[in-house]
Amino acid sequence: RELRFAADAIRDAGTVVALTGAGVSTASGIPDFRSEGGIWDRYDPMDFHVSRFEADPEGFWTERVAMVEEVYGADVEPNPAHEALAGLERDGHLDALITQNVDGLHQRAGHEEVVEIHGNGDRVVCRDCRSRYDATPFYDTVRESGETPRCPECDGVLKPDVVLFGESLPEHAVFQSHSLAERADLFLVVGSSLTVEPAASLPRRAADTGATLAVVNLEDTGLTGRAAYDFRADVTDVLPRLHGRVVED
Ligand code: OAD
Ligand code: ZN
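Summarised in this report is the structure supplied together with it. Quick caveat, the model's predicted, so the values are computed rather than measured. (Residues numbered from 1 in each chain as written. Chains lettered and ligands numbered in written order. Predicted model: local features only at pLDDT ≥ 70, side-chain atom pairs only at ≥ 80, totals over all residues. Heavy atoms only, no water.)

## Digging into the sheet that holds strand E4 (residues 119-126)
Taken in spatial order, the three strands make up an open sheet running E5-E4-E6, and their pairing is antiparallel. The open sheet has two free edges, formed respectively by strand E5 (132-134) and strand E6 (158-162), since each of these has just one partner strand. Within the sheet, the average angular offset between the axes of one strand and its neighbour, ignoring direction, is 45°. Note that E4 and E5 share three bridges and pair antiparallel. Paired with valine 124 across the strands is tyrosine 133, a residue of E5. The strands that helix H4 (residues 57-72) touches are E4 and E6; relative to E6, the one it contacts most, it runs at about 45°. The strands touched by helix H7 (residues 136-145) are E4, E5 and E6; relative to E5, the strand with the most contacts, the crossing angle is about 80°. (Pairing = 2+ DSSP bridges. Helix = DSSP H or I, 4+ residues; strand = E, 2+ residues; numbered from the N terminus. Axes fitted to C-alpha atoms, helices over the stretch in contact; angles between N-to-C directions. Contact = heavy atoms within 4.5 Å.)

Written out as structure tokens, the structure is:
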């Protein structure tokens, strides 16, 4: 079956690179962006624009804290898809993972090599000196005082360390993801609609430079015809079975 062939391809490939999107975290209770009931059904993308942050950091922060509480809830945990990917890495069958997610769940599942092209909401970054800090105490500051959190080093304004609309992407992470796509012999897309650049063009770049493509996503990603393995299925179902097949015997 297709799963067995895909597992063989992963096992036989020299360099395996995965790209994940919001679909890998929906089973953890975090909605994705574009499905029904997703983030864009509940929030205005303009609230995620850097100009909104710059015009009113205090208002932005207050809304951010409320949004995180509503969307993430109290106890978000990695799910079997995160765990299967971390397992593939641990067992030597996944060389790197590029993620568009900012939820930090890959790392919490034990994943080591994670390239974050949209940042990570578990951190904050200083607008002035670019120092980065664990976000937790600063979320508490906003909750308690409603005030904009400030940098302990330079008193600059702190921003969640996630890429807002209108901001450029972290240069190093983007460079790394392009070079990983070019090096990949097998490129695995997991839970992304592939509608946002530069992530959207990474699989094509990989294929153009010789990689076999595999996709696990509930809906069409536009790679049909190019992907050798195309699982239109739930990531929490396919990935654990794929991991199991790759490591068996
Ligand atoms: P999308 O919401 O665009 O796509 C998520 C995809 O995952 C959809 O195609 C779903 O069908 C699929 N999906 C959801 N749950 C799944 C499951 N359990 N199993 C399999 N597939 C599932 O999210 P992204 O592609 O990640 O950027 O969106 C990319 C970027 O758009 C985000 O990083 C965000 C947004 O603008 C920023 O905020 C900078
Ligand atoms: Zn600072």
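## Section: the nonpolar core
The biggest cluster of nonpolar side chains holds 27 residues, and the ones touching the most others in it are Leu85, Leu94, Leu188, Val216, Phe231, Leu239 and Leu242. Broken down by secondary-structure element, the contributors of at least two residues to this core are helix H1 (2-12), strand E1 (16-20), helix H5 (80-90), strand E7 (186-190), strand E8 (212-216), strand E9 (229-231) and helix H10 (235-247). (Core = buried A, V, L, I, M, F, W, Y, C linked by side-chain atoms within 4.5 Å. Buried < 20%, exposed > 50% of the residue type's maximum accessible area, 1.4 Å probe, protein only.)

## A few points about H5
Burial analysis of H5 places eight of its eleven residues in the buried class, which makes it a mostly covered element. For H5, the full list of buried residues reads Ala81, His82, Ala84, Leu85, Ala86, Gly87, Leu88 and Glu89. At its buried positions, H5 is contacted by E1, strand E2 (96-99), helix H6 (105-108), E7 and H10. Measuring from the backbone nitrogen of alanine 81 back to the side-chain oxygen at the start of H5 gives 2.7 Å, which picks out asparagine 79 as the cap. (Polar contact = N/O pair within 3.5 Å; in protein donor to acceptor, adjacent residues only side chain to side chain.)

## Thoughts on the site of ligand 1
For ligand 1, the set of nearby residues contains 23 residues, the closest of which are Ala22, Phe33, Arg34, Ser192 and Ser193. Within the side chain of histidine 118, one N or O atom sits 2.8 Å away from an oxygen atom of ligand 1. Between valine 235 and ligand 1, the recorded distance is 2.9 Å, taken from a backbone N or O atom to a nitrogen atom. Considering ligand 1 on its own, with 800 Å² of exposed area, one finds that the protein chains cover 94% of that surface. When atoms are counted within 2 Å of each cavity's grid points, the one that captures over half of ligand 1 is the largest pocket. Classifying every residue of the shell around ligand 1 by side-chain character gives nine nonpolar, ten polar and four charged. (Near = heavy atom within 4 Å. Areas by Shrake-Rupley, 256 points an atom, 1.4 Å probe, with all protein chains shown as cover. 1 Å grid on protein atoms, 1.4 Å probe; cavity = no way out; pocket = protein on both sides within 12 Å on 5 of 7 lines; lining within 4 Å. Sits in = over half its atoms within 2 Å of the grid points. Nonpolar A, V, L, I, M, F, W, Y, C, P; charged D, E, K, R; others polar.)

## Topic: the packing of H4 against H7
Between H4 and H7, the least distance of the axes is 10 Å, while the angle of their chain directions is 110°. The angle between H4 and H7 places the two elements in the roughly perpendicular class. In contact with Trp61, Thr62, Arg64, Val65, Val68 and Glu69 of H4, H7 contributes Tyr139, Val142 and Arg143. (Parallel < 35°, antiparallel > 145°, perpendicular 65-115°, else oblique.)

## Some words on the coordination of the zinc ion (ligand 2)
Taken together, the protein ligands of the zinc ion (ligand 2) are Cys126 (SG), Cys129 (SG), Cys151 (SG) and Cys154 (SG), with distances of 2.2 to 2.4 Å. Donor residues binding the zinc ion (ligand 2) come from one chain and are separated in sequence as C-x2-C-x21-C-x2-C. Cysteine 129 sits in the partly exposed class, given a relative accessible area of 36%. (Donors = N, O, S within 2.8 Å, 3.2 Å for Na, K, Ca; no water.)

Structural measurements only, silent on function.
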